[in-house]
Amino acid sequence: MRRRLPRAIALSMLSLALAACAGGGQATRADAPDEIVVEAAATEAEAGDTDVAIADDAVVFTEPTQAELDYAAIYGGQVYNPVADPTLPAPAELPASYDPGEPFNRRVHAFNDVVDRYVASPLAHAYVDVVPRPVRLGVRNFFSNLGQPVNALNALLQGKPMEAGQALARFLMNSTLGIVGIFDPASDAGLRYSSEDFGQTLGTWGWERSRYVELPLFGPRTVRDVFGLVGDAPLAPLRQVEEDTVRVFAQGLQLVDVRTQLFAVDSMREGATDDYALVRDAWLQRRTYQIQGDRGEVDESLPEYLRDDISNPTVPVDALPVVPAVGGN
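What counts and what doesn't
- Residues numbered from 1 in each chain as written.
- Predicted model: local features only at pLDDT ≥ 70, side-chain atom pairs only at ≥ 80, totals over all residues.
- Heavy atoms only, no water.
- Helix = DSSP H or I, 4+ residues; strand = E, 2+ residues; numbered from the N terminus.
- Contact = heavy atoms within 4.5 Å.
- Areas by Shrake-Rupley, 256 points an atom, 1.4 Å probe, with all protein chains shown as cover.
- Phe/Tyr/Trp six-rings, centres within 6.5 Å; stacked < 30°, edge-to-face > 60°.
- Buried < 20%, exposed > 50% of the residue type's maximum accessible area, 1.4 Å probe, protein only.
- Core = buried A, V, L, I, M, F, W, Y, C linked by side-chain atoms within 4.5 Å.
- Salt bridge = Lys/Arg side-chain N within 4 Å of Asp/Glu carboxyl O.
- Arc of directions from axis to C-beta.
- Pairing = 2+ DSSP bridges.

## Thoughts on the overall build of the chain
Regarding its fold elements, the chain presents 13 helices and four strands. Counted over contacts in the chain with a minimum sequence separation of 6, partners at least 24 positions apart contribute 60%. Total accessible area on the chain stands at roughly 21,300 Å², and carbon and sulfur atoms take up 62% of it.

This is how it looks when you write it as structure tokens:
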């Protein structure tokens with residue numbers, strides 16, 4: 001018995017056949033917008049505005065030729081630039097970084113990047129591979145606790161007595177119940193950690209705008225923060241250790257610990273087209289947040305990871321070298 005195709009399938013096959021026949025002739029109504037775009041682009045090309053390459057039913061704008069640029073310069077008119085199309089919305093405005101010494105800073109950044117890539121980062125990864133996580137956490141808590149007196153003093157100088165009291169309470173609690181800071185019962189008690197230094201104090205006192213500078217081995221800073229390092233140095237606990245071997249070992253261990261805390265941003269830096277600009281702008285935005293955050297004058301669009309004091313460490317003032325005393329024994 002002869003099978004018959006359902007009526008719907010037969011009608012669908014007939015429609016496809018008619019569409020295939022019409023494809024060689026006039027364009028369908030659905031293709032009309034593409035045809036208009038192609039014709040408009042071809043008209044602009046004939047007028048000398050731009051080069052248009054049409055391939056696979058797509059319109060591709062290429063760079064204007066030198067003849068087109070010369071024609072526009074002599075007879076007037078504007079060469080169409082698809083990248084800088086005036087009809088497109090304006091790009092987002094990023095905060096301008098005060099970096100008049102950028103050429104020098106970029107050379108220092110390149111030096112720091114080499115040191116980090118071949119010395120600091122391998123040491124930090126080896127430290128993570130060899131030392132168990134609980135021990136690393138204890139080391140981090142210890143060094144964090146050592147900086148609390150400096151944090152308390154700077155918070156007081158900035159007119160923040162509550163933060164100063166919390167920093168001092170953290171130091172006392174962690175130094176006793178936390179066994180010289182290896183453990184962190186202060187956080188369990190609700191005492192918030194905050195990082196304060198003399199550079200932030202100078203910014204709170206009115207020196208808010210300062211030129212960016214990158215220091216060898218110490219990384220991003222501003223001129224204001226360089227003076228801040230000098231102001232905090234006499235109070236840095238590790239710098240008070242007279243035994244060179246103990247002090248240098250402790251400073252090195254602290255630097256390795258700081259580098260491990262920066263693993264989270266390494267992946268972000270790997271995809272950056274301009275690593276120097278990324279590091280500079282992120283550091284300056286965070287510094288502005290640290291100085292102005294308590295007054296509610298910060299940009300709310302600042303990424304959350306730049307607001308965290310714990311996950312954004314900088315090279316500590318304890319790492320500053322100690323000049324040997326002249327005439328010592």
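Still to come is the rest of the account.
## Quick word on the packing of aromatic side chains
Taken as a whole and judged by the stated rule, the model has five aromatic pairs. For the ring pair F142 and F143, a centre distance of 5.4 Å and an interplane angle of 70° mean the geometry is edge-to-face. Relative accessible area serves as the criterion here: at 8%, F143 is assigned to the buried category. A centroid spacing of 6.5 Å and a plane angle of 65° characterise the contact between Y212 and W283, whose relative ring orientation is edge-to-face.

## Comments concerning the nonpolar core
Formed by V213, L215, F218, L229, A233, A236, V315, V317, A319 and L320, the largest nonpolar core amounts to 10 residues. Apart from the residues lying within four places of it in its own chain, the contact partners of A236 are V317 and D318. Within the second largest apolar cluster, eight residues are counted, among which are V131, F143, L238 and A250.

## Quick notes on the environment of V279
Inspection of the secondary structure assignment puts V279 in helix α13 (residues 275-292). Residue class for V279 comes out buried when judged on its relative accessible area of 16%. Linking V279 and P220, residues 59 residues apart in sequence, is a C-alpha distance of 7.8 Å. For V279, the residues in contact, after removing those within four places along its chain, are H109, P220 and R269.

## Structural notes on the pattern of salt bridges
One pass over the structure, following the stated rule, counts 17 salt bridges. Of the charged contacts, one joins R170 and D184 as a salt bridge, the two residues approaching to 3.3 Å between their closest N and O atoms. With R170 in helix α7 (residues 161-176) and D184 in the loop between α7 and α8 (185-188), the pair connects residues that are 14 residues apart, well separated along the chain. Judged by relative accessible area, which is 4%, R170 ranks as buried. Linking D244 and R247 is a salt bridge whose minimum nitrogen-to-oxygen distance equals 2.9 Å.

## Quick look at helix α10 (residues 223-232)
All of the buried residues in α10 are R224, D225, G228, L229 and D232. Down the axis of α10, the buried set is contained in an arc of 145°. They therefore lie on one face. Structural note: α10 exposes F227 and V230 on the side pointing more than 90 degrees away from its buried face. At its buried positions, α10 is contacted by α6 (148-157), α9 (198-204), β3 (212-215), β4 (219-222) and α13.

## Considering the pairing of β3
Residues Y212 and E214 line one face of β3 and the alternating positions V213 and L215 line the opposite face, and both faces are buried. Both β3 and β4 contribute to a ladder of four bridges, which runs antiparallel. Its bridge partner being in β4, Y212 is matched across the sheet by T222. Adjacent in sequence and paired antiparallel, β3 and β4 are bridged by three residues, among which L217 carries a positive phi angle near 70°.

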